[in-house]
Amino acid sequence: ASVEIAGEHIELTPLKVGEIPAFARAVQPAVATLSASLSASPDWLALLAEHGEAVIDAVAIASRRPPEWVTNLALDDAVRLAEAVFEVNADFFIQRVLPSLTEAATRVSQTLRARIPGAM
């Protein structure tokens, strides 16, 4: 995908293998919020409010731009760029993030059932 942001033409491609560890670390704090939005566009303002630094780092990695560049974007440009990054890397979120979150929720549910009789 290509997008025009702050006067720059940016070509976005899916994450490369070497970018995934840093991207995964960056996006980790926002995983629950993002996974709730997999079927729709995320609430970027809420994501920025709750996990601003993580979102900035993840967008910087995925757009291959310095975090300072992303930080200095106008809000509408930042949201458009984040949406483009999200769309280009949807497979990553669906294949990696969602299964991890589902497994974690299952473990928590099992732990609660084991510790609290009659729960759930």
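Residues numbered from 1 in each chain as written. Predicted model: local features only at pLDDT ≥ 70, side-chain atom pairs only at ≥ 80, totals over all residues. Heavy atoms only, no water.

Quick notes on the packing of aromatic side chains
Aromatic ring pairs are reported here in terms of the distance separating the ring centres and the angle at which the planes meet. Per the counting criterion, the structure on display carries zero aromatic pairs. Here Arg-65 stacks its cationic end above the ring of Trp-69, 5.6 Å away from the centre of that ring. (Phe/Tyr/Trp six-rings, centres within 6.5 Å; stacked < 30°, edge-to-face > 60°. Lys NZ or Arg CZ within 6 Å of the ring centre and 35° of its normal.)

Focus: the pairing of strand β1 (residues 2–5)
Across the two faces of β1 the burial differs, with Val-3 and Ile-5 buried and Ser-2 and Glu-4 not buried at all. Where β1 lies against strand β2 (residues 8–11), four bridges are found, and the strand directions are antiparallel. Paired with Val-3 across the two strands is Ile-10, which belongs to β2. Taking the residues that link successive antiparallel strands as the turn, the β1-β2 hairpin has two residues, and the phi of Ala-6 there is positive, at about 50 degrees. (Buried < 20%, exposed > 50% of the residue type's maximum accessible area, 1.4 Å probe, protein only. Helix = DSSP H or I, 4+ residues; strand = E, 2+ residues; numbered from the N terminus. Pairing = 2+ DSSP bridges.)

A few points about the confidence of the model for the protein
In low-pLDDT segments, the atomic positions of the prediction should not be examined closely. When the pLDDT values of the protein are averaged, the result is 82; 76% of them are 70 or greater. Per-element mean pLDDT across the protein ranges from 67 in helix α2 (residues 31–35) up to 96 in helix α4 (residues 67–71). (pLDDT = per-residue confidence, 0-100.)

Examining the pattern of salt bridges
Counted under the stated rule, the structure contains three salt bridges. In this structure, Arg-64 engages Glu-19 in a salt bridge whose closest nitrogen and oxygen atoms are separated by 2.8 Å. In this pair, Arg-64 is assigned in the loop between α3 (44–63) and α4 and Glu-19 in the loop between β2 and α1 (20–27), connecting sequence segments 45 residues apart. One salt bridge connects Arg-80 with Asp-77, and the closest N-O pair in it is separated by 3.1 Å. In this pair, Arg-80 and Asp-77 both sit in helix α5 (residues 75–88), three residues apart, roughly one turn of the helix. (Salt bridge = Lys/Arg side-chain N within 4 Å of Asp/Glu carboxyl O.)

Quick look at the packing of α3 against α5
Running from amino to carboxyl end, α3 crosses α5 at an angle of 65 degrees, the nearest separation of the two axes being 10 Å. For the element pair α3 and α5, the recorded crossing hand is left-handed. Note on element contacts: α5 touches α3 through Leu-75, Val-79, Leu-81, Ala-82, Glu-83, Val-85 and Phe-86, opposite Trp-44, Leu-45, Leu-48, Val-59, Ala-62 and Ser-63. Partitioning the contact of α3 with α5 into residue classes produces eleven nonpolar, one polar and one charged. (Axes fitted to C-alpha atoms, helices over the stretch in contact; angles between N-to-C directions. Left-handed = near helix turned anticlockwise from the far one by under 90°. Contact = heavy atoms within 4.5 Å. Nonpolar A, V, L, I, M, F, W, Y, C, P; charged D, E, K, R; others polar.)

Some thoughts on the environment of Trp-44
Summarising the element assignment, Trp-44 is placed in helix α3. Its relative accessible area of 8% is what places Trp-44 among the buried residues. Sequence-wise, Trp-44 and Ala-82 are 38 residues apart; in three dimensions their C-alpha atoms are separated by 7.8 Å.

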